[in-house]
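Overview (structure and organization)
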Amino acid sequence: MSVFREDVLEGKVAFVTGGGSGICKGITKALMAHGAKAVITSRKQERLDAAAKELAEATESECLGVACDVRQPETVEAALDRALERFGGVDVVVNGAAGNFLAPAAQLSYNAFRTVLEIDSIGTYTVCRAAFDKHLKANGGTILNISATLHYGATPLQTHAAAAKAAVDAVTRSLAVEWGRLGIRVNGIAPGPIDGTEGISRLAPGKARDAMIAAIPIGRMGEIEEIANVALFLCTDAASLIHGETIVADGGHWLGGPAMQLLGG
Ligand code: HXC
Ligand code: NAP
């Protein structure tokens, strides 16, 4: 049972990159369960079609899957056009598309580093900019950029992703300053380790999972629904003064770090 009124997003339309899987599928589900219609995007149409069907059945709202690659602006623009044609607006933009893997900096190819920045950082800017031109500039709305805490300290084997998410946070702050007067609220969410996701299967495989949990002060990973609740909150008027902020939802993970491991988890 949700703590939010079930029609709190009635009449809103969400455009969610990476919405066919993991955390952003969970965010889409929460937005739809509270009245929003949704367009989910990623590169794989088949996965999007299956997710859109599942989300519509679970929430009794409408969901359209449109394939696009955030590294190709023309495909992003076409996906936004489809969203506008189908639903007449885009009020909430969630940037969740991301790529990541564990790799020491000394073994990253130039292209590997660039690929992650192109998906996470440039992709986030591209989607924000295209949505701004096509709808937000004239109508206002809310942008949520999905970040991480990797760059708050330093994260070995994650030079590429840490740099990419640092840039995402910079985009969040700068757009908040430039676009706030147009009625566009721009915020981010920095999840900690979230159970059952592609991210965790890549970054904390096997025994690394236990070490990661040992470093989280609340003694467990987060759940997708917990990030979805933060997203929902940021989309409602309850968050009307929150602007240019990236909210950390990580059970204290980035504060704890190695010192927590000494406590034995
Ligand atoms: C080193 C790697 C690599 C690896 C790929 N590359 N995987 N290098 N270690 N494990 C290199 C390739 O060799 C290539 O460089 C370059 O990266 C691009 O790889 P491609 O496979 O050609 O790219 P592409 O098909 O576009 O795929 C992008 C991808 C892929 C990021 C590499 O993994 C992907 O599509 N991921 C999407 C899903 C995902 O990653 N989800 C997790 C998000 S979790 P060369 O030089 O050979 O051409 C997340 C968590 C954050 O972000 C924080 C958690 C706490
Ligand atoms: P995920 O399911 O793999 O989500 C990433 C999504 O991005 C996928 O749906 C993928 O779909 C899409 N994508 C990748 N490249 C794309 C491209 N070029 N264009 C369009 N879409 C693309 O992983 P997740 O773990 O749930 O992560 C979701 C978000 O949370 C990411 O921003 C991630 O950085 C962030 N995050 C996750 C964790 C965690 O613990 N999992 C922690 C901190 C932050 P396709 O492959 O079909 O394109």
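See the structure shown above.
Predicted model only: the values in this text are computed from it and were never measured.

What about a nonpolar patch on the surface?
- Among the surface-exposed residues, Val248, Trp254 and Leu255 lie close enough to one another that they form a single nonpolar patch of about 300 Å² accessible area.
- With respect to the element layout, Val248 can be found in strand β7 (residues 246–249).
- The class for Val248 is partly exposed, based on a relative accessible area of 31%.

Let's talk about the packing of helix α3 (residues 73–87) against helix α4 (residues 110–139)
- Put simply, α3 and α4 touch, their axes get as near as 10 Å, and they point 45° apart. One element, α3, and the other, α4, form an angle in the oblique class. When you trace α3 past α4, the crossing you get is right-handed. Every residue of α4 that contacts α3 at Pro73, Val76, Glu77, Leu80, Asp81 and Leu84 is listed here: Thr126, Val127, Ala130, Ala131, Lys134 and His135.
- Within the contact of α3 with α4, the residues separate by chemical class into seven nonpolar, two polar and three charged.

Some words on the site of ligand 1
- Around ligand 1 lies a shell of 17 residues, among which Arg43, Asn100, Ser109, Asn111 and Arg202 are the nearest.
- Contact distances for ligand 1 include 2.6 Å between an oxygen atom and a side-chain N or O atom of Ser109.
- The protein chains hide 61% of the 1100 Å² of surface that ligand 1 would expose on its own.
- Here the shell around ligand 1 takes four residues from helix α6 (residues 198–203), the largest share from any one element.
- Of the residues that constitute the shell around ligand 1, the class distribution is seven nonpolar, six polar and four charged.

Focus on the site of ligand 2
- Not every one of the 28 residues close to ligand 2 is listed here, only the nearest: Ser21, Arg43, Lys44, Asp69 and Thr197.
- For ligand 2, an oxygen atom lies 2.8 Å from a polar atom in the side chain of Lys44.
- If ligand 2 stood free it would expose 870 Å²; the protein chains cover 90% of that surface.
- When contributions to the shell around ligand 2 are tallied by element, the ones reaching two or more residues are α1 (22–33) and α6.

Structural notes on the pattern of salt bridges
- According to the stated counting rule, one finds twelve salt bridges in the structure shown.
- As a salt-bridge pair, Glu198 and Arg202 come within 2.7 Å of each other at their nearest N and O atoms. Pair noted here: Glu198 and Arg202 are both in helix α6, with a separation of four residues, about one helical turn.
- Residue Arg202 is classed as partly exposed on the basis of its relative accessible area of 42%.
- With a closest N to O distance of 2.8 Å, Glu226 and Arg220 form a salt bridge.
- Of the residues examined, Glu226 reaches a relative accessible area of 33% and is grouped as partly exposed.

What counts, and where the lines are drawn
- Residues numbered from 1 in each chain as written.
- Chains lettered and ligands numbered in written order.
- Predicted model: local features only at pLDDT ≥ 70, side-chain atom pairs only at ≥ 80, totals over all residues.
- Heavy atoms only, no water.
- Patch = residues over 30% accessible without salt bridge, like charges linked within 9 Å, V, L, I, M, F, W, Y side chains within 5 Å.
- Areas by Shrake-Rupley, 256 points an atom, 1.4 Å probe, with all protein chains shown as cover.
- Salt bridge = Lys/Arg side-chain N within 4 Å of Asp/Glu carboxyl O.
- Helix = DSSP H or I, 4+ residues; strand = E, 2+ residues; numbered from the N terminus.
- Buried < 20%, exposed > 50% of the residue type's maximum accessible area, 1.4 Å probe, protein only.
- Axes fitted to C-alpha atoms, helices over the stretch in contact; angles between N-to-C directions.
- Parallel < 35°, antiparallel > 145°, perpendicular 65-115°, else oblique.
- Left-handed = near helix turned anticlockwise from the far one by under 90°.
- Contact = heavy atoms within 4.5 Å.
- Nonpolar A, V, L, I, M, F, W, Y, C, P; charged D, E, K, R; others polar.
- Near = heavy atom within 4 Å.
- Polar contact = N/O pair within 3.5 Å; in protein donor to acceptor, adjacent residues only side chain to side chain.

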